[in-house]
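# A structural walkthrough
The chain contents come next:
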Amino acid sequence: ELKVEQNPLFLSMQEGKNYTIYCNYSTTSDRLYWYRQDPGKSLESLFVLLSNGAVKQEGRLMASLDTKARLSTLHITAAVHDLSATYFCAVDIMNRDDKIIFGKGTRLHILP
Amino acid sequence: GAVVSQHPSWVICKSGTSVKIECRSLDFQATTMFWYRQFPKQSLMLMATSNEGSKATYEQGVEKDKFLINHASLTLSTLTVTSAHPEDSSFYICSARVTGMQGEKLFFGSGTQLSVL
C-alpha cells in the first residue's frame with residue numbers, strides 16, 4: 001500500500017525566512033505533484049515532477065524530486081504572507097493502480 | 001489550463017435526502033475523473049475513480065450504494081450522496097486527468113461543501 005508522509009504538518013514562520021517541506025513516499029511512482037489549498041477553496045496545481053532530479057521553480061517556491069530516495073521537497077525562499085496556505089504533495093501511481101494518493105498536507109502560516 | 005467545473009459549490013440538505021454533485025470538464029474530454037472527500041483541516045481522501053462508460057472503482061471502506069457515481073459522457077461525472085446523514089457532511093472535490101505536452105496533470109473542481117442537517 002502506498003504511503004505518503006509529509007512533514008511538518010504545521011509550520012509557522014516569519015516573513016523573509018526560508019524553509020523546506022518534505023514529502024516521503026513508500027513505493028515507486030510515475031510522477032509527483034505539489035498543490036496549494038486556501039481555506040474553503042479547491043486545490044491549485046503548483047508543480048508536476050516527472051523524473052529523478054527534476055527541479056522546478058515558480059517565484060519563491062522550488063520543488064525537487066529524488067526518486068531513488070523517494071523524496072520530494074518544496075522549498076520556500078524569503079517567505080511572504082501571501083504564501084500562507086496548506087500545501088499538499090501527491091504521488092501518482094496511475095500506471096499501476098490508477099490512483100493518486102495525497103499526503104496529509106502542511107499548514108503554512110507566515111507571520112507578517 | 002484545463003477547466004473543471006463542479007456544481008453546486010455549497011448545499012445544505014435535510015437528513016435522508018439525496019444530493020447530486022456534478023463535475024464537468026469544460027474544454028477537454030476526461031476519460032477518468034476522481035472523487036475526493038476532505039474533512040476540515042485534513043487531507044484529501046480518494047473515494048473512487050470514475051471511468052467513462054464503465055463502473056466506478058471504489059476505494060476500500062467507501063460504500064458504493066451510498067455514493068453513486070455515474071460517468072455517462074466524456075465531459076460529465078456525477079456523485080450522488082444517497083440518503084445523506086450528518087456524518088456525510090464534508091467537502092467533496094472532483095478532479096480530471098489531462099494529458100498534454102508536458103505530460104499528465106490533474107485539474108480540480110472548485111469543490112462542494114455538503115452540510116447535512
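See above for the structure.
Residues numbered from 1 in each chain as written. Chains lettered and ligands numbered in written order. Predicted model: local features only at pLDDT ≥ 70, side-chain atom pairs only at ≥ 80, totals over all residues. Heavy atoms only, no water.

Going through the model one piece at a time under the given rule, you end up with four salt bridges over all chains. Linking Arg31(A) and Asp92(A) is a salt bridge whose minimum nitrogen-to-oxygen distance equals 3.4 Å. Placement of Arg31(A) in strand β4 (residues 31-37) and of Asp92(A) in strand β9 (residues 85-92) is noted, with a sequence separation of 61 residues between them. Comparing Arg31(A) with Asp92(A) shows no difference in burial state: the two are buried. With its nearest N and O atoms 2.7 Å apart, the salt bridge here joins Asp88(B) to Lys66(B). Taken as a pair, Asp88(B) in the loop between β8 (76-81) and β9 (90-100) and Lys66(B) in the loop between β6 (57-58) and β7 (67-73) lie far apart in primary sequence, 22 residues in all. This pair shows no difference in class: Asp88(B) is buried, exactly as Lys66(B) is. (Salt bridge = Lys/Arg side-chain N within 4 Å of Asp/Glu carboxyl O. Helix = DSSP H or I, 4+ residues; strand = E, 2+ residues; numbered from the N terminus. Buried < 20%, exposed > 50% of the residue type's maximum accessible area, 1.4 Å probe, protein only.)

With that out of the way, let us pick up the sheet that holds β8(B). Strands in a sheet are paired, the pairing made by backbone hydrogen bonds, and the direction either parallel or antiparallel. Residues and elements named next belong to chain B. Strand order across the open sheet formed by four strands is β1-β3-β8-β7, with antiparallel pairing between neighbours. The open sheet is flanked by β1 (4-7) and β7, the only strands paired with a single partner. Across the sheet, the mean angle from the axis of one strand to that of its neighbour is 15°, orientation sign disregarded. Bridge count for β1 against strand β3 (residues 19-25) is four bridges, and the pairing is antiparallel. (Pairing = 2+ DSSP bridges. Axes fitted to C-alpha atoms, helices over the stretch in contact; angles between N-to-C directions.)

This part covers the side chain of Thr73(A). Residues and elements named next belong to chain A. Within the fold, Thr73 resides in strand β8 (residues 71-76). A polar contact of 2.6 Å, which involves the side chain of Thr73, links it to the side chain of Ser64. Sequence-distant contacts of Thr73, defined by excluding residues within four places in its chain, comprise Thr20, Ile21, Tyr22, Trp34, Met62, Ala63 and Ser64. (Polar contact = N/O pair within 3.5 Å; in protein donor to acceptor, adjacent residues only side chain to side chain. Contact = heavy atoms within 4.5 Å.)

Attention now goes to the pairing of strand β2 (residues 10-14) of chain A. Residue and element names in this part refer to chain A. Judged by which residues are buried, β2 turns out to be one-sided: Leu11 and Met13 face inward and are buried, whereas Phe10, Ser12 and Gln14, on the alternate face, are not. Direction of pairing for β2 relative to strand β11 (residues 106-111): parallel, over a ladder of five bridges. Pairing of Phe10 across the sheet is with Arg107, part of β11.

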